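Spelled out, the chains give:
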Amino acid sequence: MAFPSNFLWGGATAANQCEGGYDADGRGLSSVDVIPFGPDRMRVARGTMRMLECDDAHTYPAHEAIDMFHHYKEDIALFAEMGFKVYRLSIAWTRILPNGDDEVPNEQGIAFYRSLFEECRKYNIEPLVTIDHFDTPIALIQRYGGWKDRRMIGAYLHYCSVLFEAFDDLVTYWITFNEINMLLHLPFMGAGLVFEEGENQAQVEYQAAHYELVASAKAVKLAHERMPKAKIGCMLAAGQYYPYSCSPEDVWKGFEKDRDNYFFIDVQARGAYPVWAWKRMENAGIHLDCTEEDLQVLKEGTVNYISFSYYCSRCTSADPEIIKNHARGNAVFEAVVNPYLKASDWGWQIDPLGLRVTLNTLYDRYEKPLFIVENGFGAVDVVEEDGSIHDPYRIEYMRAHIKAMKEAIEQDGIPLLGYTSWGCIDLVSASTGEMKKRYGFIYVDKDNEGNGTLERKRKDSFFWYKNVIATNGEEL
Ligand code: BGP
């Protein structure tokens, strides 16, 4: 048997993409609540358009999402029916601390998550909690400019200490920041950064990254002090860069691009900045506010495991002519179309072997247990007249990726803790804000315009995944 008997099969979501209830029970406004649907979405997410409150000219998909806030019992029962061993979710920072750093937490927010975790426990589902999934309280952006400011470390730590206190008895697995490298690609979404005219963007980004890394290390230390059994990890938006050709220039370009992403995990897993990063910052004129104490904290706060998302590999070239051939769906990560791969309707290229490459690269680099916490296929689904939903494309994608994962375990000896597919229930897309881009085993009746009954339905993939879990990955 390839998969260990305690392998954690399950699914993943994020608060802002599924909960809704954005102002319910005293919840405060967060960065993700003000990222609109439509043409301004990317400009806001990148921090080039300032939007710190909602206006009537835009719609905001996070406000209702799939209303898991009111449907969580039904949804967790469906996860249990599939046999989930683990459910990855994130906590909405402002449901706990409406202003980001309130001294007294919002009891209703705590009660909501306690009830949700208890519901998981009822079915022996292990909750895996992302502390910050693209989620910076608006009050802290207004006061501090988000992660531009060192004071964010204290606010985050306070938030962590509230969570550890409130949920210690119910949660063992934690992740400090979702896709921490996203900060370089979507700075507002990743770190609440809005750029002023003439601001040195790289300086701001690397400074914010430093504060997040210190905050992450402090959270790891705190978790271990407070909760001896806790396992706390980092999280990377992974996917290897392939050189478009075997020209040394292309190989070097791919190597450098990979490093830019691994940089964060290098710090979180090894406890220090890699030597090239200091040089790179020096050469780019970046002056980091970094104290001796920070360096010590980074050393002491290394993670227990490395979690990551994997949707596709990426491809790059040193040739400007090739670079023009931009892969549409990989737009967040600058990449060119790989001629050997097919793509989803959103242009995300499909590369199961790339998952094995990624697993091996990460293990070679860090020698820590790995956890795949996002993987999946965003597609348009059609509900047949009889209510059934046939999604063979999703099954095909997942079968190939789970097979690659199995090979990495069986043939390469990779220690893998678990697999949580992304958007196990349909939810709002992070990059486009659409409902139409569906990842779920469970269909949710809601469209891009916000219409629909929110009724949940099982897709074909629901029954397929249930059998995968029941056979511990033997039958794919
Ligand atoms: C990751 C995010 C998720 C999720 C996923 C799929 O970057 O961590 O929040 O949404 O990508 O992306 P999308 O929703 O854009 O299809």
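Relevant structure appears above.
No experiment lies behind these values; they were computed from the predicted model shown.

A.B. asks: Looking at this structure, I do not really get the nonpolar core. What am I missing?
C.D. replies: Note that soluble globular proteins tend to have their nonpolar side chains buried in a common cluster. Core analysis: the biggest nonpolar cluster contains 133 residues, and Phe79, Tyr113, Trp147, Tyr156, Phe167, Trp174 and Tyr465 have the highest contact counts within it. Ranked by the residues each element gives to this core, the list is headed by helix α9 (residues 201-226), at 13 residues. In this structure, tryptophan 174 is in contact with Leu128, Val129, Ile131, Leu163, Phe164, Phe167, Met227, Ala230, Lys231, Ile232, Gly233 and Tyr305, ignoring residues within four places of it in sequence. Core analysis: the next-biggest nonpolar cluster, separate from the first, contains 22 residues, Ala45, Met51, Leu52 and Ala430 among them.

A.B. asks: Can you help me understand the site of the ligand in this one?
C.D. replies: Not every one of the 15 residues close to the ligand is listed here, only the nearest: Gln17, Glu179, Ser431, Lys437 and Tyr439. The separation between an oxygen atom of the ligand and a polar side-chain atom of glutamine 17 is 2.7 Å. Within the side chain of lysine 437, one N or O atom sits 2.7 Å away from an oxygen atom of the ligand. With the chains in place, 96% of the 370 Å² that the ligand exposes on its own is no longer accessible.

A.B. asks: Sorry if this is basic, but what is going on with the pairing of strand β2 (residues 86-90) here?
C.D. replies: Looking down a regular strand, the side chains alternate between one sheet face and the other. Counting buried positions along β2 gives five out of five residues, so the element sits mostly inside the fold. Residues of β2 alternate between two faces, with Val86, Arg88 and Ser90 on one and Tyr87 and Leu89 on the opposite face, all of them buried. Here strand β1 (residues 8-12) pairs with β2 via three bridges, running parallel. Bridged to glycine 10 within β2 is valine 86. Both β2 and strand β3 (residues 126-132) contribute to a ladder of five bridges, which runs parallel. Bridge pairing in β3 links arginine 88 to leucine 128.

A.B. asks: What is the right way to look at the pattern of salt bridges in this model?
C.D. replies: Opposite charge on two side chains allows them to pair when their charged atoms are near. Throughout the structure, instances matching the rule amount to 32 salt bridges. Close ionic contact of glutamate 374 with arginine 88 constitutes a salt bridge, the shortest N to O distance being 3.0 Å. Of this pair, glutamate 374 sits in strand β9 (residues 370-374) while arginine 88 sits in strand β2; the two residues are 286 residues apart in sequence, bridging distant segments of the chain. The residue glutamate 126 makes a salt bridge to arginine 121 at a minimum N-O spacing of 3.2 Å. Given the relative accessible area of 30%, arginine 121 is considered partly exposed. If you follow the salt bridges from partner to partner, you end up with Asp381, Asp391, Arg394, Asp426, Arg438 and Lys459 in one network.

A.B. asks: What is the right way to read the environment of serine 461 from this model?
C.D. replies: Mapped onto the elements, serine 461 comes out in helix α16 (residues 460-470). For serine 461, a relative accessible area of 0% puts it in the buried group. Aside from chain neighbours lying at most four places away, what touches serine 461 is Asp391, Arg394, Ile395, Gly440 and Phe441.

A.B. asks: Sorry, what's going on with the packing of aromatic side chains here?
C.D. replies: Aromatic rings considered in pairs are described by the distance between their centres and by the relative angle of their planes. Taken as a whole and judged by the stated rule, the model has 36 aromatic pairs. Consider the rings of tyrosine 72 and phenylalanine 112, whose centres lie 5.2 Å apart with planes at 85°: the pair is edge-to-face. Here the residue tyrosine 72 occupies a position in helix α3 (residues 68-82), and phenylalanine 112 occupies one in helix α5 (residues 107-122), the gap between them amounting to 40 residues. Between phenylalanine 84 and tyrosine 465, the aromatic rings sit 6.0 Å apart at their centres with planes inclined by 85°, giving edge-to-face as the arrangement. Of this pair, phenylalanine 84 sits in the loop between α3 and β2 while tyrosine 465 sits in helix α16, and the two are 381 residues apart along the sequence. Of the residues examined, tyrosine 465 reaches a relative accessible area of 0% and is grouped as buried. Each member of the aromatic cluster is reached from another via a ring pair, and the members are Phe3, Phe7, Trp9, Phe79, Phe84, Tyr87, Tyr419, Phe441, Trp464 and Tyr465.

A.B. asks: Would you take a moment to explain the packing of α9 against helix α10 (residues 248-270) for this structure?
C.D. replies: Two numbers describe a pair of packed helices, the interaxial angle and the distance between the axes. Contact pair α9 / α10: the axes reach a minimum separation of 10 Å and the direction vectors enclose 30°. Between α9 and α10, the interaxial angle falls into the category roughly parallel. Crossing angle aside, the handedness with which α9 passes α10 is right-handed. Note on element contacts: α10 touches α9 through Phe263, Phe264, Val267 and Gln268, opposite Tyr206, Ala209, Leu213 and Ser216.

A.B. asks: Help me understand empty space enclosed by the protein, please; the structure alone is not making it clear to me.
C.D. replies: Under the defined criterion, the tally for this structure stands at eight cavities of 30 Å³ or more. What lines the second largest cavity is Asn16, Gln17, Val32, Ile35, Arg41, Pro61, Ala62, Phe134, Met189, Val428 and Ala430. Looking at the lining of the second largest cavity residue by residue, the classes come out as eight nonpolar, two polar and one charged.

Cut-offs used in this document
Residues numbered from 1 in each chain as written. Predicted model: local features only at pLDDT ≥ 70, side-chain atom pairs only at ≥ 80, totals over all residues. Heavy atoms only, no water. Core = buried A, V, L, I, M, F, W, Y, C linked by side-chain atoms within 4.5 Å. Buried < 20%, exposed > 50% of the residue type's maximum accessible area, 1.4 Å probe, protein only. Helix = DSSP H or I, 4+ residues; strand = E, 2+ residues; numbered from the N terminus. Contact = heavy atoms within 4.5 Å. Near = heavy atom within 4 Å. Polar contact = N/O pair within 3.5 Å; in protein donor to acceptor, adjacent residues only side chain to side chain. Areas by Shrake-Rupley, 256 points an atom, 1.4 Å probe, with all protein chains shown as cover. Pairing = 2+ DSSP bridges. Salt bridge = Lys/Arg side-chain N within 4 Å of Asp/Glu carboxyl O. Phe/Tyr/Trp six-rings, centres within 6.5 Å; stacked < 30°, edge-to-face > 60°. Axes fitted to C-alpha atoms, helices over the stretch in contact; angles between N-to-C directions. Parallel < 35°, antiparallel > 145°, perpendicular 65-115°, else oblique. Left-handed = near helix turned anticlockwise from the far one by under 90°. 1 Å grid on protein atoms, 1.4 Å probe; cavity = no way out; pocket = protein on both sides within 12 Å on 5 of 7 lines; lining within 4 Å. Points joined across faces, edges and corners; volume = space filled by probe spheres on them. Nonpolar A, V, L, I, M, F, W, Y, C, P; charged D, E, K, R; others polar.

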